[in-house]
Amino acid sequence: MVRLIILSIIACLSTIGGVYGAATWKASIQTPEAKDSEPKLQIMKTHMVSVPILRDGEVLGYVVTRLQFTADSELVKASSLQPDVFVADEAFRQIYETTPADIKTGRKQAIKDLAANVATGANKRLGRDVIKDVMIDSWTYLSKADMMKNNERNR
C-alpha cells in the first residue's frame, strides 16, 4: 500500500514536471510579438518643380522635374508637416546649386548625388528621418530657345 502511494506521488510529480518542461520549452521557442524594426513605407510625389539654370546672370534654360520618394508612414501621420513640400524645396535648392554642365550632360553621378542630397536635406529640415529614398519620376531640361518656341506656339 505504501509502495502504491509512493508510486502515485512519483507519477504525479513526473506528470507535473513534464507539463512544466513542455510549457517552458514551447515558450522559449515562440518569439515574442515585437513591432517590426523596419518602418512601413509609403510612396509620395512632389508637384512639378521648375528650376531656372543660370550662368553669369543669364538664364540658360529650365529643369522641370517631379520626384517620388518613400517616407515612413508612421512619421508622416504623426507630423503636421507634409514631407512633399520639403522634398520639392530641397530639390529646387540642390538643382539650382548644381553646375549647369552637370545638368546639360546628364552626368549619372550628379543625379545619384541629387537624390541622396535631397533626402538628407529634407530629413534635416524635418528634424527626423522621414524620407528614406528619393527617385526621379520625370526629368526634362528645356533650353531658353525651347521655352521661347513654346511661348510662340501658345499665342
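Structure: above.
Residues numbered from 1 in each chain as written. Predicted model: local features only at pLDDT ≥ 70, side-chain atom pairs only at ≥ 80, totals over all residues. Heavy atoms only, no water.

## Quick word on the overall build of the protein chain
Let me state the cut-off plainly: Strands are runs of DSSP state E lasting at least two residues, helices are runs of H or I lasting at least four, and both sets are numbered from the N terminus onward. Only protein chains enter the accessibility calculation, which uses a 1.4 Å probe; a residue is then buried when its area is under 20% of its type maximum, exposed when over 50%, and partly exposed in between. By the convention used here, residues are in contact when the closest approach between their heavy atoms is within 4.5 Å. Here the accessible surface of atoms and residues is derived via Shrake-Rupley with a 1.4 Å probe, and residues count as covered only by protein chains that are part of the display.
Broken down by element type, the protein chain carries six helices and four strands. For the protein chain, the sequential pattern of α-helices and β-strands runs α-β-β-β-α-α-α-α-β-α. Looking at the protein chain as a whole, 26% of its 155 residues are labelled buried. Of the contacts formed within the protein chain by residues at least 6 apart in sequence, a portion of 73% connects residues at least 24 apart. Only carbon and sulfur atoms are counted for the fraction: they give 57% of the accessible area of the protein chain, which is about 11100 Å².

## Concerning the nonpolar core
This is how the line gets drawn: Side-chain atoms within 4.5 Å are what join buried Ala, Val, Leu, Ile, Met, Phe, Trp, Tyr and Cys residues into a set we call a nonpolar core.
By size, the foremost hydrophobic cluster in this structure holds 24 residues, and its most contacted members are Phe69, Ala71, Val87, Val118, Ile131 and Val134. Breaking this core down by element, the ones donating at least two residues are strand 2 (49-55), strand 3 (58-72), helix 3 (83-97), helix 5 (108-126) and strand 4 (131-143). Leave out the neighbours within four places in its chain, and valine 118 touches Leu67, Val87, Glu90, Ala91, Gln94 and Val134.

## Here's the deal with the side chain of glutamine 94
Among the structural elements, glutamine 94 can be located in helix 3. Residue glutamine 94 is classed as buried on the basis of its relative accessible area of 18%. Filtering out sequence-adjacent residues up to four positions away, glutamine 94 remains in contact with Leu114, Asn117 and Val118.

## Things to note about the pairing of strand 2
Inclusion rule: Strand pairing is assigned whenever DSSP identifies at least 2 bridges connecting the two strands.
Both strand 2 and strand 3 contribute to a ladder of seven bridges, which runs antiparallel. If you follow proline 52 over to strand 3, its bridge partner there is tyrosine 62. Counted along the chain from strand 2 to the antiparallel partner strand 3, the turn is two residues long, and its residue aspartate 56 has a positive phi close to 55 degrees.

## Here we look at the side chain of aspartate 72
Heads up, the condition is: His is not counted, nor are the chain ends; Lys and Arg add positive charge and Asp and Glu add negative charge. For this document, the term salt bridge refers to a Lys or Arg side-chain nitrogen within 4 Å of an Asp or Glu carboxyl oxygen. Side-chain atoms alone can form a polar contact between residues adjacent in sequence; in general such a contact is a pair of N or O atoms within 3.5 Å, and within protein one must be able to donate a hydrogen while the other accepts it.
Along the chain, aspartate 72 turns up in strand 3. In this structure, aspartate 72 is buried with no salt-bridge partner, the nearest side chain bearing the opposite charge being lysine 132 at 4.7 Å. A polar contact is formed between the side chain of aspartate 72 and the backbone nitrogen of glutamate 74, at a distance of 3.0 Å. Here aspartate 72 is in contact with Pro39, Lys40, Leu41, Val130 and Lys132, once residues within four sequence places are set aside.

## Details of unusual backbone geometry
For aspartate 56, which is not glycine, the phi torsion reads 55 degrees and is therefore positive. For aspartate 56, the location among the structural elements is in the loop between strand 2 and strand 3. Judged by its relative accessible area of 78%, aspartate 56 is exposed.

## Quick word on the pattern of salt bridges
Tallied over the full model, the rule gives four salt bridges. The salt bridge partner of arginine 93 is aspartate 89, with a shortest N-O separation of 2.7 Å. One end of the pair, arginine 93, and the other, aspartate 89, are both in helix 3, four residues apart, so they sit about a helical turn from each other. In this structure arginine 93 comes out as partly exposed when scored by relative accessible area, which is 40%. Here aspartate 89 falls in the partly exposed class, since its relative accessible area comes to 27%. Residue arginine 125 pairs with glutamate 90 through a salt bridge whose shortest N-O separation is 3.2 Å. Highlighted residues: arginine 125 in helix 5 and glutamate 90 in helix 3, separated in sequence by 35 residues. With relative accessibility at 36%, the residue arginine 125 sits in the partly exposed group.

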